[in-house]
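# Inside the fold
Here's the letter readout for the chains.
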Amino acid sequence: MDILILNSADVRRLLPMDACIDAMAEAFMALRRGEALNPLRLVMMLPDQRSVLAVMPSYLKDSMGVKVISVMPGNHGTPYDSHNGAVLLFEAVHGQPLAMIEAGAITAIRTAAVSGLATRLLAREDAGDLAILGVGVQARTHLEAMQSVRKLHRVRVWSRNLDRARIFAEREAAKYGLTIEVMPTVQVAVAGADLICTTTAAREPILMGEWLAPGVHLNVVGASLRTTREVDTAAMVKSRLYVDRRESTLNEAGDFLIPKSEGTVDDSHIQGELGEVLLGQVKGRQSAAEITLFKSLGLAVEDLASAQLIYAQAVEQGIGIKVPFGDHEAD
Ligand code: NDP
């Protein structure tokens, strides 16, 4: 049996944002229908209490997979990306490994694609005043995703390191022919915005509810532990909350669990999962003035759905390196 090795350049070529958004929609509906398996991830915290190694298995349609990924917040500003690892894709009949695919690029694209999907479902149709908090890997792909689903007329970015924010703004503005304004504080970055993406590695709130304009949609992406959050209690309380998965939210989302532990929200604050909105089981936005918040944690099935798409395209186009791997009678 051969295994196909696909690197980050292959992933970027074979996983365009629009196709990934559609694949995420299919995966969320499959999960909701009970056609996919997605146990909670295993997260091993390293002794520095910041970096982790996470293991994320899942099953969808005719295959199964596992993402193994290191998350090193200290890599920002170095030549290394924050997320590194691999998605191992298996067929689910004989359990043969099919491909090993670079996971940093998948994570960058699929996370933003899910925010793109949430924005498509929950933001006002005319939303186009975007604020991005953070200027790392996720900020880059979120800018692309937001452009895929809404017509942007203003883009502001904030990061605590203004030099890095300026470099980000210049690079991305040149790439898309946009004007990107670098803002000195979060408060001015989000003033009047109707789309906000929080993509920082902050552990304490950086975004306060009192700064949110009516009608804004937020994609809250950066924190994925029960003890960390990017938005304060007021922001959570005044928003209608949508999630990728209830079970993950109730176990991993500090943005929700910290207000819950304070008694300001309970589980009924979760309006629904994206899959429920897609299947018409739960309503999305109800009025132009309400605030919608999508809390993203990232699910293994998002990586698997991406890997399936990449693998199918790679086989069709003859991309990647085949390596003889396990023993097989027919070999
Ligand atoms: P990067 O390391 O590339 O970027 C991190 C960004 O966060 C930088 O702009 C950095 O700014 C900023 N930052 C770091 N610490 C703080 C802080 N204390 N306060 C404010 N800003 C801070 O990371 P990624 O873009 O890859 O990931 C961003 C976050 O998203 C991470 O926490 C990651 O774990 C999470 N993530 C979530 C996923 C999901 O599915 N929901 C998937 C992938 C990632 P500075 O220049 O000042 O250091």
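Residues numbered from 1 in each chain as written. Predicted model: local features only at pLDDT ≥ 70, side-chain atom pairs only at ≥ 80, totals over all residues. Heavy atoms only, no water.

### As for the side chain of Thr 198
For the record, the criterion: Every helix listed is a DSSP run of H or I at least four residues long, and every strand listed is a run of E at least two residues long, numbered separately from the N terminus. We call two N or O atoms a polar contact when they sit within 3.5 Å, provided that within protein one can donate a hydrogen and the other can accept it, with sequence-adjacent residues counted only if both atoms are side-chain atoms. Whether two residues touch is decided by their heavy atoms; if any such pair falls within 4.5 Å, the residues are in contact.
Summarising the element assignment, Thr 198 is placed in strand S11 (residues 195-198). Of the polar contacts made by the side chain of Thr 198, one reaches the side chain of Glu 230; its length is 2.8 Å. Residues contacting Thr 198, with those up to four places away along its chain left out, are Leu 133, Leu 207, Asn 219, Val 220, Val 221, Gly 222 and Glu 230.

### Section: the pairing of strand S9 (residues 154-158)
The line we're drawing: For every residue, the accessible area obtained with a 1.4 Å probe (protein chains only) is divided by the maximum for its type, and the residue is called buried under 20%, exposed over 50%, and partly exposed between those limits. The rule for pairing is simple: two strands pair if DSSP sees at least two bridges between them. Orienting the strands away from the viewer, one traces the path from the first strand over the helix to the second; a clockwise path indicates a right-handed crossover.
Burial runs high along S9: four of the five residues are buried. Sheet analysis places strand S8 (residues 129-133) next to S9, joined by five bridges and oriented parallel. Bridge pairing links Asp 129 to Arg 154 in S9. Between the parallel elements S8 and S9, the chain passes through helix H4 (residues 137-149) in a crossover that is right-handed. As judged from the three bridges shared by S9 and strand S10 (residues 180-182), these two strands associate in the parallel manner. Note that in S10 the partner of Val 157 across the bridge is Val 182. Between the parallel elements S9 and S10, the chain passes through helix H5 (residues 162-176) in a crossover that is right-handed.

### Examining the site of the ligand
Using the following cut-off: Proximity criterion: a residue is near a molecule or strand once any of its heavy atoms comes within 4 Å of it. Any residue that is not Ala, Val, Leu, Ile, Met, Phe, Trp, Tyr, Cys, Pro, Asp, Glu, Lys or Arg is counted as polar, Gly included; the first ten are nonpolar and the last four charged. Boundaries between domains were set according to an automatic or database domain assignment.
Not every one of the 26 residues close to the ligand is listed here, only the nearest: Ser 82, Gln 138, Arg 160, Arg 164 and Gly 222. Within the side chain of Ser 159, an N or O atom sits 3.3 Å from an oxygen atom of the ligand. Arg 160 is positioned such that a nitrogen or oxygen atom in its side chain is 2.8 Å from an oxygen atom of the ligand. The biggest single contributor to the shell around the ligand is helix H3 (residues 103-122), with three residues. For the shell around the ligand, a count of residues per class yields eight nonpolar, 15 polar and three charged. Per-domain counts for the shell around the ligand show at least three residues from each of domain 1 (2-107 + 300-324) and domain 2 (124-295).

### A short note on the domain arrangement of the protein
We apply this condition: Buried surface area refers to the total accessible area, computed with a probe of radius 1.4 Å, that the two partners give up upon joining, counted for both partners together. Salt bridges, as used here, are contacts in which a Lys or Arg side-chain nitrogen is within 4 Å of a carboxyl oxygen on Asp or Glu.
Parsing the protein into structural domains produces domain 1 (2-107 + 300-324) and domain 2 (124-295). For domain 1 versus domain 2, the distance between C-alpha centres works out to 24 Å. Taken residue by residue, the interface counts 22 residues in domain 1 and 27 residues in domain 2. Each partner contributes to the roughly 2,000 Å² buried at the junction of domain 1 and domain 2, and carbon and sulfur atoms together form 60% of this total. Three residues, Met 17, Arg 32 and Leu 40, lead the burial of domain 1 against domain 2; their summed loss comes to 31% of the area buried on that side. Taken together, the links from domain 1 to domain 2 amount to three salt bridges. In this structure, Arg 41 engages Glu 252 in a salt bridge whose closest nitrogen and oxygen atoms are separated by 3.1 Å.

### Concerning the packing of helix H2 (residues 17-32) against helix H11 (residues 300-317)
Formally: Between the N-to-C directions of two axes lies an angle of 0 to 180 degrees, each axis being a line fitted to C-alpha atoms and, for a helix, fitted only over the stretch in contact. Note that the term roughly parallel is reserved for angles under 35 degrees, roughly antiparallel for angles over 145, roughly perpendicular for angles of 65 to 115, and oblique for everything else. Left-handed describes a crossing whose near helix is turned anticlockwise from the far helix by less than a right angle; the clockwise case is right-handed.
It is at 9 Å that the axes of H2 and H11 come closest, and there the two elements cross at 125 degrees. Taken as axis vectors, H2 and H11 run oblique relative to one another. As for how H2 packs across H11, the hand of that crossing is right-handed. Residues Ala 19, Cys 20, Ala 23, Met 24, Ala 27, Phe 28 and Leu 31 of H2 lie in contact with H11, whose contacting residues are Val 301, Glu 302, Ala 305, Ser 306 and Leu 309. A per-class count over the contact of H2 with H11 returns 10 nonpolar, one polar and one charged.

### Quick notes on the environment of Leu 299
Inspection of the secondary structure puts Leu 299 in the loop between strand S15 (292-295) and H11. Residue class for Leu 299 comes out buried when judged on its relative accessible area of 1%. Spatially, the C-alpha atom of Leu 299 lies 30 Å from that of Pro 324, the residues being 25 residues apart in sequence.

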